[in-house]
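# Structural characterization, general
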Amino acid sequence: MRVDIQGVVTEGFEPVRDAFARNFEVLGDRGAAVAVYRDGRKVVDLWGGTKDANGTEPWAEDTAQIVRSATKGVAAAVPLLLHQRGLLDLDAPVGSYWPEFKAGGKDRTLVRDLLAHRAGLPALERGLTAAEAADGVSGPRAVAAQQPFWEPGTGHGYHAQTYSWLLSELVLRATGRTVGGILAEEIAEPLGLEFWIGLPETEAHRVGRVAPVDPPQSAGLLKTRPRRNVSEAYADPRSLTRRAFAAIDPLPDENDPAYRAAELPASNGIGTARALARFYAAAIGVVEDGARIFTPATTALAGKELSAGPDRVLVVGTRFGPGYMLHGPASPLLSPASFGHPGRGGSLAFADPEAGIGFGYVTNAHAKSVTADPRAQNLVRALRAAASAS
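In this text, all values refer to a predicted model and were calculated from it rather than measured experimentally.

Once that is clear, we can look at helix α3 (residues 77–84). Of all eight residues that make up α3, six are buried, and the element is covered over most of its length. Listed as buried for α3 are Ala77, Val78, Pro79, Leu80, Leu81 and Leu82. Against the buried residues of α3 lie α2 (70–75), α4 (111–115), α7 (163–175), α8 (179–191), α12 (273–284) and α13 (296–302). Immediately beyond the C-terminal end of α3, within one or two residues, lies glycine 86, with a positive phi of roughly 80°.

In structure tokens form, the structure reads like this:
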């Protein structure tokens, strides 16, 4: 469909606007926004379509959306900020902060293992209900009692849902505060970010409803068949892949106010594309008003490879730093220096310190993609061309 694209683009970044329009015209977007910062300045801020995936109310300048696993990249700033302040040792055993975690042979699991998806805990023996997932007690108790699926630190596999409870409880034990609370007080408020892990009731009116969608047949996408081992892993209910994504079972209603108000740092962050782009810009340098999140040493740490190679859950090669997914074939970002995180179904946000780029894309139309949505990749290709030419 053709939509009226709102917002602004700095000269030289028009290809991003063209790609954003193509997402609606060809690739099936319904409501979305994209923003880019370059060297601390906002150079792209666009939105269009409808606030609700199946609605008619226009997407407004302040419309926010749930971004699924793109939440992980924002949440990762909390432990790194604590590390920067000397309050969290990445080389310490998780059990030194959280004694109950030592059960089941996990006593040698390091904090950096947990952050880089090397803890061996991507799934649970029994999936939690949405209410249990959100109560702040059942999830941490379950992962603490869970025996690891492999020896922690010896390999990696994407902790799609369990990452929420692992990170939440680690931060709570280390500081007495929640991830969402630290994010709000120490990062979002000082930077003026419209992003929440645990949506306040006062902001609920801004958030659009999401829905699953299939790409239109006219999209002209390359028809490729997933590798057999990948498709089999997603189809087999006994596989670690299926069990990891079913750690909350049945899947929660992402439009439910109770789910949105919970703090799940793996999956239920809500915000604007503008906030995501500004967040990543402030993670790699100084933004317009002089604010920043990390020291240069912490920025370098954020992009440091801690896991690489075959992913025991996603069944493809992936790369992770401490909480961030790194550029690679399974999740192409701007360049090998990029770090960030996609959200299953479409959303994507990342930083590229070499190019000075902070990028954010959010959508209410959730496709079947896991790490490389065609709409997000369309925008990344356009940004790559614009950034290299400017």
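As summarised here, the arrangement of the three strands in space is β4-β7-β5, forming an open sheet in which the pairing is antiparallel. The sheet terminates laterally at β4 (65–66) and β5 (195–196), the two strands that pair on one side only. Direction of pairing for β4 relative to strand β7 (residues 270–271): antiparallel, over a ladder of two bridges. Pairing of glutamine 65 across the sheet is with glycine 271, part of β7.

Within the largest apolar cluster, 79 residues are counted, with the highest numbers of intra-cluster contacts made by Trp165, Ile187, Phe279 and Tyr324. In terms of residues, this core owes the most to one element, α12, which gives 10 residues. The contact partners of tyrosine 324, leaving out residues within four places of it in the chain, are Gly73, Ala76, Ala77, Leu80, Phe279, Tyr280, Phe294, Ala302, Arg319, Phe339 and Gly340. Counting residues in each nonpolar core, the second largest holds 26 residues, with Ile5, Ala376, Val380 and Leu383 among its members.

Of the strand pairs in this sheet, strand β8 (residues 307–310) and strand β9 (residues 317–320) are connected by four bridges, and their pairing is antiparallel. If you follow serine 307 over to β9, its bridge partner there is phenylalanine 320. Where β8 folds back on β9, the antiparallel hairpin that results is connected by six residues, among which valine 315 adopts a positive phi of roughly 60°.

So, on to the packing of aromatic side chains. Applying the stated criterion across every chain yields a total of 10 aromatic pairs. Plain terms: the ring middles of phenylalanine 20 and phenylalanine 24 are 5.2 Å apart, the flat faces sit at 85° to each other, and that makes the pair edge-to-face. Linking phenylalanine 20 with phenylalanine 24, this pair stays in helix α1 (residues 14–25), spanning four residues, or about one helical turn. Note on phenylalanine 24: relative accessible area 1%, which makes it buried. The structure contains a cluster of three or more aromatic residues connected by ring pairs, namely Tyr158, Tyr234, Phe245 and Phe320. Stacked on the ring of phenylalanine 101, the Lys or Arg lysine 106 has its end atom at 5.1 Å from the ring centre.

What counts as what
- Residues numbered from 1 in each chain as written.
- Predicted model: local features only at pLDDT ≥ 70, side-chain atom pairs only at ≥ 80, totals over all residues.
- Heavy atoms only, no water.
- Buried < 20%, exposed > 50% of the residue type's maximum accessible area, 1.4 Å probe, protein only.
- Helix = DSSP H or I, 4+ residues; strand = E, 2+ residues; numbered from the N terminus.
- Contact = heavy atoms within 4.5 Å.
- Pairing = 2+ DSSP bridges.
- Core = buried A, V, L, I, M, F, W, Y, C linked by side-chain atoms within 4.5 Å.
- Phe/Tyr/Trp six-rings, centres within 6.5 Å; stacked < 30°, edge-to-face > 60°.
- Lys NZ or Arg CZ within 6 Å of the ring centre and 35° of its normal.

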